[in-house]
Amino acid sequence: MKKMTTAKITVTGIVQGVGFRPFVYNTALQLNLNGTVQNDSAGVEIIVQGKDGDIDSLVKDILSNPPILAKIDSIKKEHIQTDVLFPAFSIIKSDSRKTKSTRISPDAATCPECLEELFDPQNRRYYYPYINCTHCGPRYTIIKDIPYDRKNTTMAGFVMCPACQKEYDDPTDRRFHAQPNACFECGPVYSLYNSRAQILHNGDNARKISEMIREAGSILEAGNILAVKGLGGVHLAVNAYNQEAVLKLRLRKYREKKPFAVMVKNIEQVSELCDTNREEEQRIQMTDRVIMLLKKNKNSHIAEAVAPGNHNLGVMVPYTPLQHLLFNMLDFPLVMTSGNVSDEPIAFKNDTAFRQLADIADYFLLGNRDIYIRTDDSVIRLWNKHDIPLRRARGFVPNPVVSTAEFGEPVLAVGAELKNTICLGFDHSLYMSHYIGDLKNRETYDAFIQAVSHFVKIYEKIPKIIAHDLNEQYLSTQAVKKPPQKLAWMKDCRRVVIQHHHAHIASCMAEHQLQEKVIGVAFDGTGLGPDNTIWGGEIFIADYTGFTREACLSPVLMPGGDSAVQEPWKAAFAYLWKSLGPEKEDTLHELFREVPENQIKMYLYQLKNKTGVVTTSAGRLFDAVSAIAHVCFHADYEGQPAVELEQAINAVSDESYLFPVEKSESSGLVEIVWENAIVSILNDYLAGASAGTISVKFHNGLANGIMKAVDSISAKTGIRKVVLSGGCFMNEYLLHSMVEKLSASNYLVYTHQQVPCNDGGLALGQAAIAREIHKQELEECVWLYQ
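Reading the values: the criteria
- Residues numbered from 1 in each chain as written.
- Predicted model: local features only at pLDDT ≥ 70, side-chain atom pairs only at ≥ 80, totals over all residues.
- Heavy atoms only, no water.
- Helix = DSSP H or I, 4+ residues; strand = E, 2+ residues; numbered from the N terminus.
- Buried < 20%, exposed > 50% of the residue type's maximum accessible area, 1.4 Å probe, protein only.
- Polar contact = N/O pair within 3.5 Å; in protein donor to acceptor, adjacent residues only side chain to side chain.
- Contact = heavy atoms within 4.5 Å.
- Pairing = 2+ DSSP bridges.
- Axes fitted to C-alpha atoms, helices over the stretch in contact; angles between N-to-C directions.
- Salt bridge = Lys/Arg side-chain N within 4 Å of Asp/Glu carboxyl O.
- Phe/Tyr/Trp six-rings, centres within 6.5 Å; stacked < 30°, edge-to-face > 60°.
- Lys NZ or Arg CZ within 6 Å of the ring centre and 35° of its normal.
- Parallel < 35°, antiparallel > 145°, perpendicular 65-115°, else oblique.
- Left-handed = near helix turned anticlockwise from the far one by under 90°.

A separate point is the side chain of Ser725. The residue Ser725 is located in strand E31 (residues 721-725) in this model. With a relative accessible area of 0%, Ser725 lands in the buried category. Engagement of the side chain of Ser725 in a polar contact is seen with the backbone oxygen of His504, the distance being 3.0 Å. Apart from the residues lying within four places of it in its own chain, the contact partners of Ser725 are His504, Ile505, Ser507, Val521, Ala522, Phe523, His752 and Cys757.

Overall, mixed pairing links the five strands, which are arranged E4-E1-E3-E2-E5 in an open sheet. Every other strand in the sheet has two partners, leaving strand E4 (71-79) and strand E5 (89-91) as the edge strands with one partner each. Each adjacent strand pair in this sheet contributes to an overall mean axis angle of 15°, direction not counted. Pairing geometry for strand E1 (residues 5-14) and strand E3 (residues 43-50), over seven bridges, is antiparallel. In the sheet register, Thr5 faces E3, and the bridge partner there is Gly50. Lying on the sheet, helix H1 (residues 20-30) is in contact with E1, strand E2 (34-40), E3, E4 and E5; it crosses E5 at an angle near 170°. The sheet strands contacting helix H2 (residues 52-64) are E1, E3 and E4, and the helix crosses E4 at an angle near 170°.

Now for the pattern of salt bridges. Summed over all chains, the structure comprises 29 salt bridges. The partner of Lys77 in a salt bridge is Asp56, and the shortest N-O contact between them spans 2.6 Å. In this pair, Lys77 sits in strand E4 while Asp56 sits in helix H2, placing the two residues 21 residues apart along the sequence. Accessibility expressed as a relative area gives 40% for Asp56, which makes it partly exposed. With a closest N to O distance of 2.8 Å, Arg620 and Asp623 form a salt bridge. Remark: Asp623 and Arg620 occur in helix H18 (residues 618-628); sequence separation between them is three residues, near one turn of the helix. Owing to a relative accessible area of 3%, Asp623 belongs among the buried residues under this scheme. Linked through salt bridges whose partners overlap, the residues forming this network are Glu117, Arg174 and Arg175.

It is worth spelling out the sheet that holds strand E18 (residues 401-402) at this point. Reading across from one edge, E18-E21-E20-E19-E22-E23 is the order of the six strands in this open sheet, with mixed pairing throughout. A single partner strand is all that each edge strand has here, and the edge strands are E18 and strand E23 (494-498).

Here the focus is the packing of aromatic side chains. We describe a pair of aromatic rings using the distance from one ring centre to the other and the angle between the two ring planes. Summed over the entire model, instances satisfying the criterion amount to 27 aromatic pairs. Here Trp535 and Phe540 contribute two aromatic rings whose centre-to-centre distance is 6.0 Å and whose plane-to-plane angle is 70°, an arrangement assigned as edge-to-face. A residue is classified by how much of its surface remains accessible, and Phe540, at 0% relative accessible area, is buried. Of the aromatic side chains, those joined through ring pairs into one cluster are Trp569, Phe573, Phe592, Tyr603 and Phe633. The ring of Trp535 has Arg549 lying over it, and the distance from NZ or CZ to the ring centre is 3.9 Å.

Look at H18 against helix H20 (residues 675-686): their axes get within 10 Å of each other, and the N-to-C directions meet at 20°. Considering their axes alone, H18 and H20 lie roughly parallel with respect to each other. Here the hand of the crossing between H18 and H20 comes out right-handed. Contact with H18, carried on its side by Leu621, Val625 and Ile628, involves Ile678, Ile681, Leu682 and Tyr685 of H20 and no other residues of that element.

Attention shifts here to unusual backbone geometry. With an omega of 10°, the peptide bond between Val397 and Pro398 qualifies as cis. Note that Pro398 resides in the loop between strand E17 (386-391) and E18. Look at Gln513: it is not a glycine, yet its phi comes out positive at around 55°. Unusually for a residue other than glycine, Lys610 sits at a positive phi of about 55°. The residue Lys610 is located in the loop between helix H17 (597-608) and strand E28 (613-615) in this model. For Lys610, a relative accessible area of 69% translates into the label exposed.

Below you can see the structure in the form of structure tokens.
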């Protein structure tokens, strides 16, 4: 008889709340193994007794066939000595005494098994809008603390009925230890309210919720705005075929032109609205249920006001039981946009939803399961069969970016001002937060403070080092320099100041685990340089410990500073003033006759007196070209001029404007010079050239100019790895052009695939830089610039 062996197996990763313990339990039973399995704050611990070969088979099954939502980071098996003989295999209570380092699962879309039960009249959860199991449902958005047990979630106040408790306690049931497990008898329910918060329907059984959903469908069909609570917050929904209803939503939400996302019933309806390929259709149906940018079908019946002047449409399919119930009643797609007034964070509590959205929504469909952490929908584009994240939130968070380099001390990076996210780095992982938003108001700042507090709590890691942007005007930087009482521990942390574009390049390097020096192209709207000018069209030689500024767009004086972001005609005026000279003042007056004369005179006064900021911003260059071509004169949302300029491209062409590369006598930097291109753009516009022609020639020319600058740097240094980062590379045409040109010249090109290239990914780079600065015992980053 073979000798019995006792082994301890430790599994780390996303292994809690995903059916991992019952999976181990049932596999162990099949292999005739005895022992125990339990959650602890490091992951899952298995003590197993049996034959060596059977224990090895258990390990093999864990690695090759884990539950669908599980992600294994590591598995360690070690033989142990014990006098205990286990009579059977059992699941035992969680151990929360150890350091908290387990990974939390993101929220997941309703699984096929739950969907089948949802629409089965014989099932006790028929039409129950909170149906879930260990394969699906809320995770991150309801967790207050770990281990992931019901008492540490927003389900703590709902006591399970005997039937639910029986499922919860049965290791052979897929709802075994499903923490949000509930039903009509014991769980949360949805109710329909009018705009005065008065209940119209209470959906506490299948019949009532069926009536309530039918009424909600009628409300939407009539062109009303319905606020609907989801996994991470409240959506504002309207009939996406109804132009008048969509315009009403825009008016009330103060969102004039920024595209809305739509939710459709199924993949068949996706194909009716958009031109899709097989990869896109598969990707949009994955458990994270992202909003995916797809090519709009010209023959679709989507209201023009959903995405005005845009060839793309942001589309998602249902991911909560309630959404599936709604679409079972509807035959039209819905605009599903964040429940907020523009620039504020998404509403996620019922009382605040009534207060904040009372002037927007006509009706409210809200449930009484609390959301603990607000989380927006994630947005991606599929490019070259890879995700290009535009907003990283629900479905992704809090999955970390894994690193080969280890953090000596926990690091907190607080991100930028726009599209803020934070990052907590420890061990070999960088945990990016959900999308927080633009830190320009109290509500978003409070959400930022909550995000920091929550990360520190759930991972039980008090950072020793805090990384922040060079710009002291950012609220994220101010929070570190003068921390609120809730974050008083920040006073004892070492602060690492990081230049904005260095962080952009480092974020892409961290994704790809690059350690050596690279040529980094960081093109975006704005970021403070060490010389107190505004950078944004930068090419560096960089690693994590520092950078050398090698090239940039030629600078321009920009009166009005940030006001040019909302009024791109100002950027156009500044670029033309430098390119044409004062003697062409009459031409500028004629070109900008749509602008009030008093504003023109004020702007001319500032230019003549050299009042304003000096900038190398690529974003402002895009704004200028967009305004000169009369594509966009006034911006309703950040990036609109560049988005609409790219959208104007309607034909493939190799034509380009000239962007020569010259070494500046004053700075010694290689500059990508745009003056001749700006004059040519103006001449083409005055000669009647289309916006599409101007746009494609501009994009091609700028890509050629960047390529020349990269070639000159590579020739000098021998570096062949090129990193592309910054918000300008959300532009698909520019990204494709640069990757194609660089690859054709045998460069190794790295682009973002895990975090956004815009400021939403900046915190990742900040954390990676701070890690290396501390690890190499450096005082600060090394910045070489002119």
